[in-house]
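Chain by chain, the residues run as shown.
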Amino acid sequence: MTAPTMASELPVEPQSFKKLSFKSLKRSLDLFSPTHSLLPPPDPDSKKIRLSHKLHVEYGGIQTVSNPPVKSSLQNQVAPSNSNSLVLSGSTNSEKTGAQSDLAITSHQPKNLGDGNKTGKSTAVIPARGTSERNLPTAALMERIPSRWPRPVWHAPWKNYRVISGHLGWVRSVAFSPNNEWFCTGSADRTIKIWDVGSGRLRLTLTGHIEQVRGLAVSTRHTYMFSAGDDKQVKCWDLEQNKVIRSYHGHLSGVYCLALHPTIDVLLTGGRDSVCRVWDIRSKMQIHALSGHDNTVCSVFTRPTDPQVVTGSHDSTIKFWDLRYGKTMATLTHHKKSVRALAQHPIEDSFASASADNIKKFSLPRGEFLHNMLSQQKTIINAMTVNQEGVLATGGDNGSLWFWDWKSGHSFQQSQTIVQPGSLDSEAGIYALSYDMTGSRLVTCEADKTIKMWKEDENATPETHPVNFKPPKDIRRF
């Protein structure tokens, strides 16, 4: 009887699954433990393919130079379809020579260049098998991919050209008239002052609030101006009579922000009662109370299409609202701190939100996160605005005024406001800012009771003020 039949007739000892598992583990350990801490041995074929691919991408062609003459290696080449084809030659000879063979990189150049180089090719030799098998200079061979981050558009730096003092308290809000002839400011001295844009002279002072005026808006459809303050009041001023003609009652605490709908006669106000209220301008009726935030609603803007209302809150969220039903459409939870300022781009379907942690850009109408601004202002940002040329301005609680390129998120100017004489350095704070209708002048409202006007420097050129921009290496996706 043969040996296989004898082995098959022997009784098999019954073994438990646990015992078999341990046997398998021991066999695997005995197999791999001697080389457990060692790197796997280099594979010459895979290394050759890897190097050949990288050299092909970088230089457009590869040849293996060995002891045989050039003619014999040219016979083994595959006819390339173009000048950037991959050419591997003399592979059998290179395998025989072993560590003594070298890789030659052939890059095609114009025939006219070089002294005595009639073939128009330059060759760089790289050792294929050196003393360190795994430490090849792959960084020199890798294809350099250019950054896809958009380069910032050059903008002229902005300079302060006028300081207006007239208020007796912090200046908290600003709004421009549709004809760009005047602008109004609201202050902690409980007054609203109207100033001439061209000369900066005071035109009018309106009194009526009993607390600081936190929000202002001028209607493009009527001769009305709207104001909101810490006294829970929202007032409608008729600028033909210069007096209050309507008041909107309903807020349970101070009103912090105000916005007018661009196409319908609707007013939106947000305040410390965590509610954004929608008012009918003519009837003074409250249409909706957009409730859903857990803290103060401190910023709001409106659009003609859905989402028609966007609010930012101290609960660090941004909400999109359906104006027809008064319901939340979406909630953005990207920020970690209070969203004190929102700015809608006048042309693009996008907006920016400012918080103490970051300035973020979102698309509209879906609210997809686009990117963070590339720097951090490292302060509480109270106000933000953007003009048609894509210059975003942000004002901080410490008096910092930063200008950003909207497209790339690059901060091209970081300026600091100067307090007026007699003020404390701690009063360098910017509470509100706005561009005029042309986007060529900027007005900032500050804690030293002044209003400052800014414009672009006419003498600046890209040569005198070059863009110092480095593309970001690690881009945060949240």
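This write-up is about the structure you can find in this document. Quick caveat, the model's predicted, so the values are computed rather than measured.

About the criteria used
Residues numbered from 1 in each chain as written. Predicted model: local features only at pLDDT ≥ 70, side-chain atom pairs only at ≥ 80, totals over all residues. Heavy atoms only, no water. Pairing = 2+ DSSP bridges. Helix = DSSP H or I, 4+ residues; strand = E, 2+ residues; numbered from the N terminus. Axes fitted to C-alpha atoms, helices over the stretch in contact; angles between N-to-C directions. 1 Å grid on protein atoms, 1.4 Å probe; cavity = no way out; pocket = protein on both sides within 12 Å on 5 of 7 lines; lining within 4 Å. Points joined across faces, edges and corners; volume = space filled by probe spheres on them. Nonpolar A, V, L, I, M, F, W, Y, C, P; charged D, E, K, R; others polar. Salt bridge = Lys/Arg side-chain N within 4 Å of Asp/Glu carboxyl O. Buried < 20%, exposed > 50% of the residue type's maximum accessible area, 1.4 Å probe, protein only. Contact = heavy atoms within 4.5 Å.

## Some details on the sheet that holds strand β12 (residues 243-248)
Okay, so step 1: The antiparallel open sheet is built from four strands, whose spatial order is β9-β10-β11-β12. Bordering the open sheet on either side are β9 (213-218) and β12, each of which pairs with just one other strand. Sheet twist, expressed as the mean angle between neighbouring strand axes with direction ignored, is 25°.
Okay, so step 2: Sheet topology note: the strand β11 (residues 234-238)/β12 ladder contains five bridges and is antiparallel. Note that in β12 the partner of Trp-237 across the bridge is Val-244.

## Some remarks on empty space enclosed by the protein
Okay, so step 1: Applying the stated criterion across every chain, the model contains two cavities of 30 Å³ or more.
Okay, so step 2: Each pocket or cavity is described by its volume, and for the second largest cavity that value is around 30 Å³.
Okay, so step 3: Surrounding the second largest cavity, Ser-355, Ala-356, Asp-357, Asn-358, Ile-359, Ser-375, Gln-376, Gln-377, Lys-378, Thr-379 and Ile-381 form its lining.
Okay, so step 4: Looking at side-chain class alone, the lining of the second largest cavity contains three nonpolar, six polar and two charged residues.

## Some words on the sheet that holds strand β13 (residues 255-260)
Okay, so step 1: As summarised here, the arrangement of the four strands in space is β13-β14-β15-β16, forming an open sheet in which the pairing is antiparallel. At either end of the open sheet lies a strand with only one pairing partner, and these are β13 and β16 (286-291). Strand-to-strand twist of the sheet, defined as the mean angle between neighbouring strand axes without regard to direction, takes the value 20°.
Okay, so step 2: Both β13 and strand β14 (residues 266-271) contribute to a ladder of five bridges, which runs antiparallel. What sits directly across from Cys-257, in β14, is Gly-270.

## Some points on the pattern of salt bridges
Okay, so step 1: Counted by the stated rule, this structure contains 12 salt bridges.
Okay, so step 2: Across the pair Asp-273 and Arg-277 runs a salt bridge, and its minimum N-O distance is 3.1 Å.
Okay, so step 3: Here Asp-273 falls in the buried class, since its relative accessible area comes to 15%.
Okay, so step 4: Take Arg-277: its relative accessible area is 8%, and that puts it in the buried class.
Okay, so step 5: One network of salt bridges, with partners in common, ties together Lys-159, Lys-455, Asp-457 and Glu-458.

## A closer look at the environment of Pro-346
Okay, so step 1: Summarising the element assignment, Pro-346 is placed in the loop between β21 (341-344) and β22 (350-354).
Okay, so step 2: With a relative accessible area of 46%, Pro-346 lands in the partly exposed category.
Okay, so step 3: Between the C-alpha atom of Pro-346 and that of Asn-387, which follows or precedes it by 41 residues, the distance is 6.7 Å.
Okay, so step 4: Pro-346 has contacts with Val-386, Asn-387 and Gln-388, leaving out every residue within four places of it along the chain.

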